[in-house]
Amino acid sequence: MLPAGDQTEIGEKGINLSGGQKQRVALARAVYNDSENYFLDDPLSAVDSHVGKHIFENVVGPNGLLKKKTRVLVTHGITYLPEVDNIIVLKDGEITESGTYKQLLEKKGAFAEFLVHHLQEVHVDEGSEADLREIKQQLESTMGADELQQKLIRARSRISESLSESGSMTDRIDRKSLNGSLTRQYSTESQQSANYVHSNSTKEKDAPKSNIGEKLIEVEKAETGSVKWKVYSYYLKSIGWFLAISTIVMNAVFQSFSIGSSVWLSVWSSDNQTIVNGTVDTVDTAKRDMYLGVYGVLGLGQAIFVVLSQTALVIGCLRSSKLLHSELLFATLRLPLGFFDTTPSGRLLNRFGKDIDIIDNVLPPTMASFFCDLAPQLGCWLAARQMHIVMLRAVMRAPLTFFDTTPIGRIISRFAKDVDILDTSLPPQISDTIYCLFEITQTLNWLVRMTSDVETNIVAVERIKEYGDTTQEAAWKNTEYTPPKEWPMNGRVDFKDFKVRYREGLDLVLNGLTFSVLGGEKIGIVGRTGAGKSSMTLALFRIIEAAHGKILIDDVDVSKLGLHDLRSRLTIIPQDPVLFSGTLRMNLDPFDCHADEEIWRALEHAHLKSFIKNLPNALLHEVTEGGENLSVGQRQLICLARALLRKTKVLILDEATAAVDLETDDLIQTTIRQEFKDCTVLTIAHRLNTILDSDRVIVLDKGLIVEYDSPEALLRNPSSSFYSMAKDAGLAA
């Protein structure tokens, strides 16, 4: 079943598993844990009846692996109820009934009514003919055949009001159930799933071993060697070239003023002409004021340029932090779907967390220290080169008698060894230079450390740049072509030799599809697991791009459109409802395009108006992340209301009612028939009964269309694949 068997790598949150596979893996993990108490929240909802029955009998039921454990099972399926010890019926958050299966039937209360309703809504659950016949017999024995028949007729009358006037095949099947030939249907997936249950051991043994698909999560890329100069350039560019160069220049000017003030102070201290008549008490005030004024100007220059350089650095770093975060965010939002299949969310959080923190709080002071140390190093290096020149000039200016009375060795020592004599005998400028030479070693060590810190922390910029350089989705807007505001007007959809794969290196999932859907048609799409049904949906929205061929909607090639223009004109109701943390109104109308009256009208059509009105804050009710404070059915109805607000000409239903209860399913199907009667509707179905009233049905197998015709025509052909599926599901004789 899986590409590499039990060695297949599973993506984050089971992204490469189907809903049924995830439920079975979770159940197997729970059984393996060997606890005393098990709380099972509808673990069989995503599997068909045959697989569900097999799991119940062998795992959950009275003869299963958990037969000696305490089990609390929440379920919408009634076929398991006769075998449980006790049943608790909940309604509106309260326990309405409790007891054994037989006791609840004898009460003729809400539970019995639920079973009657279930007999009419068999298309929303799957099972065998024997299951329904047994349920009917049990109801007849408790309430009588006549009373049961009256309840069935009343239930049938209520249901018929929601069906389309055209008279679908579902009507005929339901009439058949009323006449006593009660049939249960199971999905086209059930045959494949059942075959797997009964013969998986032999198939897995015979299957050749392959490593294709075994590895999913890619190893995180890491650069080796020193950081490339283009990374530094990228960071300086994010700061802004003007601010970056200004910071360096003003820092250099500040250091020039700093060195100049030291030199000027030395010149001032060595100038004996400021003393008049050889006495300290008499000072040339004009010269003193001149030296003091210049020294003050140099100090003021230091203050001004250190403030300017630090201000430029702060502004540049703030700008860089904001810009790099925005680039990372938008780059991540525009990454293709395959990236998230192979990249754990922890890596993304690390980019947005630690790397951004380094850019915000670590890299700016490190860069500041680096630039502050770089200028003094240059100053000391220049001073060191000038030292011997200054010393030589001092000696050459000495009178000739100096050489007559001074041994040559003493002159050499002045240049090389006797530091104390140099400090006392030579001019103060030389003393300052020698002091700078002693300090240069320590400063060089600090500079090396700062250089290392900069290179270490600049890696955060490199990691953010990596995501920015990753291949993105197509352009959000195509400036060369914008579709008319009314597009699509008819909703015609054409696939022409369309091929697609999920990622480079993987096999094609659609192998040259060619078909047309007329505007306003209702098309059902069925096929085994892996046939390519959901891939068609992803291709329509360009979540995965075509490897070959094209898709036309009203004669417009979708590959020529910007993604926003395309996706804003299509609507999908997915199997797993998607809600975000925020208000209900924000979830219904995220871009605030509709008035409250329109929203309430959509909620009314979605059968949510009374529920929302009873909430304390109504439309401003806060929804938690993922809609966890709402039931699955309520979340699905909110998605339906959102689709009603958009009301585009093309609607895609990806098994939108698979995970909801019977009543919610009936509400959704009724609303879709009424509100989208003029729209093109593509219904991807795992259960045949949900698409029996479609105009035409596409049967997919291994990415190819094997049949495309009306349900009636396909059912009249006993050799068709659709007829075979319908027969397996109990829809054909």
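Please refer to the structure higher up on the page.
What you see is a predicted model, and the numbers here were worked out from it, not measured in a lab.

The rules behind each value
Residues numbered from 1 in each chain as written. Predicted model: local features only at pLDDT ≥ 70, side-chain atom pairs only at ≥ 80, totals over all residues. Heavy atoms only, no water. Helix = DSSP H or I, 4+ residues; strand = E, 2+ residues; numbered from the N terminus. Contact = heavy atoms within 4.5 Å. Areas by Shrake-Rupley, 256 points an atom, 1.4 Å probe, with all protein chains shown as cover. Patch = residues over 30% accessible without salt bridge, like charges linked within 9 Å, V, L, I, M, F, W, Y side chains within 5 Å. Salt bridge = Lys/Arg side-chain N within 4 Å of Asp/Glu carboxyl O. Phe/Tyr/Trp six-rings, centres within 6.5 Å; stacked < 30°, edge-to-face > 60°. Buried < 20%, exposed > 50% of the residue type's maximum accessible area, 1.4 Å probe, protein only. Lys NZ or Arg CZ within 6 Å of the ring centre and 35° of its normal. Pairing = 2+ DSSP bridges. Axes fitted to C-alpha atoms, helices over the stretch in contact; angles between N-to-C directions. Expected span 1.5 Å × (residues − 1). Parallel < 35°, antiparallel > 145°, perpendicular 65-115°, else oblique. Nonpolar A, V, L, I, M, F, W, Y, C, P; charged D, E, K, R; others polar. Core = buried A, V, L, I, M, F, W, Y, C linked by side-chain atoms within 4.5 Å. Polar contact = N/O pair within 3.5 Å; in protein donor to acceptor, adjacent residues only side chain to side chain.

*Asks:* Help me understand the overall build of the chain, please; the structure alone is not making it clear to me.
*Replies:* The helix and strand tally for the chain stands at 27 helices and 16 strands. Partitioning the contacts of the chain with sequence separation of at least 6, the portion at a separation of at least 24 is 73%. Of the roughly 39000 Å² of accessible surface on the chain, 56% is carried by carbon and sulfur atoms.

*Asks:* Explain a nonpolar patch on the surface here, please?
*Replies:* Side chains of Ile 88, Leu 90 and Ile 95 sit close together on the surface and give an oily, nonpolar patch of about 340 Å² of accessible area. Along the chain, Ile 88 turns up in strand S3 (residues 87-91).

*Asks:* I keep staring at the packing of aromatic side chains and nothing clicks. Help me out?
*Replies:* Any two aromatic rings considered together are summarised by their centre-to-centre distance and by the angle between their planes. One pass over the structure, following the stated rule, counts eight aromatic pairs. Pairing Trp 229 with Tyr 232 gives two aromatic rings, centres 5.4 Å apart and planes at 45 degrees, and the pair type is tilted. Of this pair, Trp 229 and Tyr 232 both sit in helix H9 (residues 229-239), three residues apart, which is roughly one turn of the helix. Given the relative accessible area of 19%, Tyr 232 is considered buried. Every member of this aromatic cluster is reached through a ring pair, and the members are Phe 495, Phe 498, Phe 515 and Tyr 708. The ring of Trp 600 has Lys 613 lying over it, and the distance from NZ or CZ to the ring centre is 4.6 Å. Across from the ring centre of Phe 676, 5.9 Å away, lies the NZ or CZ of Lys 647, which sits over that ring.

*Asks:* Looking at this model, I keep getting lost on the sheet that holds strand S9 (residues 556-557). Mind explaining?
*Replies:* The strands making up a sheet associate through hydrogen bonds between their backbones, and the pairing can be parallel or antiparallel. Read from one edge to the other, the open sheet built from four strands follows the order S6-S5-S8-S9, with strand pairing classed as antiparallel. Each edge of the open sheet carries a strand with a single partner, namely strand S6 (510-517) and S9. By the bridge criterion, two bridges tie strand S8 (residues 546-553) to S9 in an arrangement that is antiparallel. Counterpart to Ile 553 in the pairing with S9 is Val 556.

*Asks:* Any chance you could explain the sheet that holds strand S16 (residues 704-709) here in plain terms?
*Replies:* With respect to topology, six strands assemble into an open sheet ordered S10-S13-S14-S7-S15-S16, the strand pairing being mixed. Sheet topology places strand S10 (570-573) and S16 at the edges, where each strand pairs with a single neighbour. This sheet shows a mean twist of 20 degrees between the axes of neighbouring strands, independent of strand direction. One ladder, built from four bridges, connects strand S7 (residues 522-527) with strand S14 (residues 680-684); its direction is parallel. Of the residues in S14, the one forming a bridge with Ile 523 is Leu 682.

*Asks:* Just to check I follow, could you spell out the pairing of S7 for this structure?
*Replies:* When a strand is regular, its side chains alternate between the sheet's two faces. Burial within S7 is extensive, with six of its six residues counted as buried. Side chains Lys 522, Gly 524 and Val 526 project from S7 onto one buried face, and the interleaved Ile 523, Ile 525 and Gly 527 project onto a second face that is buried too. Two strands pair when backbone bridges link them, and S7 and strand S15 (residues 696-701) are joined in this way by five bridges, in the parallel orientation. If you follow Val 526 over to S15, its bridge partner there is Val 699.

*Asks:* Can you walk me through the environment of Met 725 in this structure?
*Replies:* Following the sequence through the fold, Met 725 ends up in helix H27 (residues 721-728). Considering only alpha carbons, one finds Met 725 and Val 699, 26 residues apart in sequence, at a separation of 10.0 Å.

*Asks:* Teacher, can you tell me more about helix H10 (residues 241-270) here?
*Replies:* Because each turn of an α-helix spans 3.6 residues, side chains separated by three or four positions in sequence point in the same direction. The terminal C-alpha atoms of H10 lie 43 Å apart, and with 30 residues this matches the ideal 44 Å at 1.5 Å per residue to within 8%. When we look at burial in H10, the residues that qualify are Leu 243, Ala 244, Ser 246, Thr 247, Met 250, Asn 251, Phe 254, Gln 255, Ser 261 and Ser 266.

*Asks:* Looking at this structure, how should I read the pattern of salt bridges?
*Replies:* Close approach of charged atoms allows side chains with opposite charge to pair. Per the stated rule, a full pass over the model turns up 15 salt bridges. Close ionic contact of Arg 567 with Glu 473 constitutes a salt bridge, the shortest N to O distance being 3.0 Å. Of this pair, Arg 567 sits in helix H20 (residues 563-567) while Glu 473 sits in the loop between helix H18 (459-469) and strand S5 (493-500); the two residues are 94 residues apart in sequence, bridging distant segments of the chain. Its relative accessible area of 18% is what places Glu 473 among the buried residues. Here Arg 492 ties to Asp 494 by a salt bridge, and the two come within 3.0 Å at their closest N and O atoms.

*Asks:* Can you help me understand the pairing of S16 in this one?
*Replies:* Bridge analysis of S15 against S16 gives five bridges, and the strand direction is antiparallel. In the strand pairing of S16, Leu 700 is matched with Ile 705. From the end of S15 to the start of S16, which pair antiparallel, there are two residues, and Lys 702 there has a positive phi angle of about 55 degrees.

*Asks:* I keep staring at the packing of H9 against H10 and nothing clicks. Help me out?
*Replies:* Viewed as axis vectors pointing N to C, H9 and H10 meet at an angle of 100 degrees, and their least axial separation amounts to 5 Å. Between H9 and H10, the crossing angle belongs to the class labelled roughly perpendicular. Contacts from Ser 233, Leu 236, Lys 237 and Ile 239 of H9 reach H10 at Trp 241, Leu 243 and Ala 244. Split into classes, the residues belonging to the contact of H9 with H10 amount to five nonpolar, one polar and one charged.

*Asks:* Can you walk me through the packing of H9 against H18 in this structure?
*Replies:* Two packed helices can be described by the angle between their axes and the distance between those axes. One can describe the packing of H9 onto H18 by two numbers: an axis separation of 10 Å at closest approach and a directional angle of 85 degrees. Our classification of the angle between H9 and H18 gives roughly perpendicular. Along the contact surface, H9 presents Lys 230, Val 231, Tyr 234 and Tyr 235, while H18 presents Val 461, Glu 462 and Lys 465. For the contact of H9 with H18, the class distribution of residues is four nonpolar, no polar and three charged.

*Asks:* It is not clear to me how the nonpolar core should be interpreted in this structure. Could you clarify?
*Replies:* For soluble globular proteins, nonpolar side chains are generally found buried alongside one another. Ranked by internal contacts, the top residues of the largest apolar core, which has 32 residues, are Tyr 235, Leu 324, Ile 359, Leu 363, Ile 458 and Val 461. For this core, the elements supplying multiple residues, two or more each, are H9, H10, helix H11 (285-333), helix H13 (345-396), helix H17 (428-457) and H18. With residues up to four places along the chain from it excluded, the contact list for Tyr 235 reads Cys 317, Ser 320, Leu 324, Leu 363, Met 367, Ile 458 and Val 461. Among the nonpolar cores identified, the runner-up in size contains 31 residues, and Phe 515, Leu 540, Phe 541 and Ile 652 belong to it.

*Asks:* Even after reading the chapter, I still don't get unusual backbone geometry, so can you show me in this structure?
*Replies:* Glycine aside, the phi torsion of most residues is negative, and most peptide linkages are trans. Going from Trp 487 to Pro 488, the amide bond is cis rather than trans, its omega being -10 degrees. By the secondary structure assignment, Pro 488 is in the loop between H18 and S5. Of note in this structure, Asp 555 is not a glycine but carries a positive phi near 65 degrees. In this fold, Asp 555 is placed in the loop between S8 and S9. Residue Asp 555 is classed as exposed on the basis of its relative accessible area, which comes to 62%. Unlike most non-glycine residues, His 607 shows phi in positive territory, near 60 degrees. Residue placement: His 607 occurs in the loop between helix H22 (596-605) and helix H23 (609-613). Of the residues examined, His 607 reaches a relative accessible area of 38% and is grouped as partly exposed.

*Asks:* Where do I start with the side chain of Arg 351 in this structure?
*Replies:* When you line up the elements, Arg 351 lands in helix H13. The exposure class assigned to Arg 351 is buried, which follows from its relative accessible area of 1%. From its side chain, Arg 351 meets the backbone oxygen of Arg 463 in a polar contact 3.3 Å long.

*Asks:* Would you take a moment to explain the side chain of Glu 97 for this structure?
*Replies:* Mapped onto the elements of the fold, Glu 97 is located in strand S4 (residues 94-99). Classification of Glu 97 by relative accessible area gives buried; the value is 9%. Beyond its immediate sequence surroundings of up to four residues, Glu 97 is in contact with Ile 87, Ile 88, Val 89, Leu 104, Lys 107, Gly 109, Ala 110 and Phe 111.

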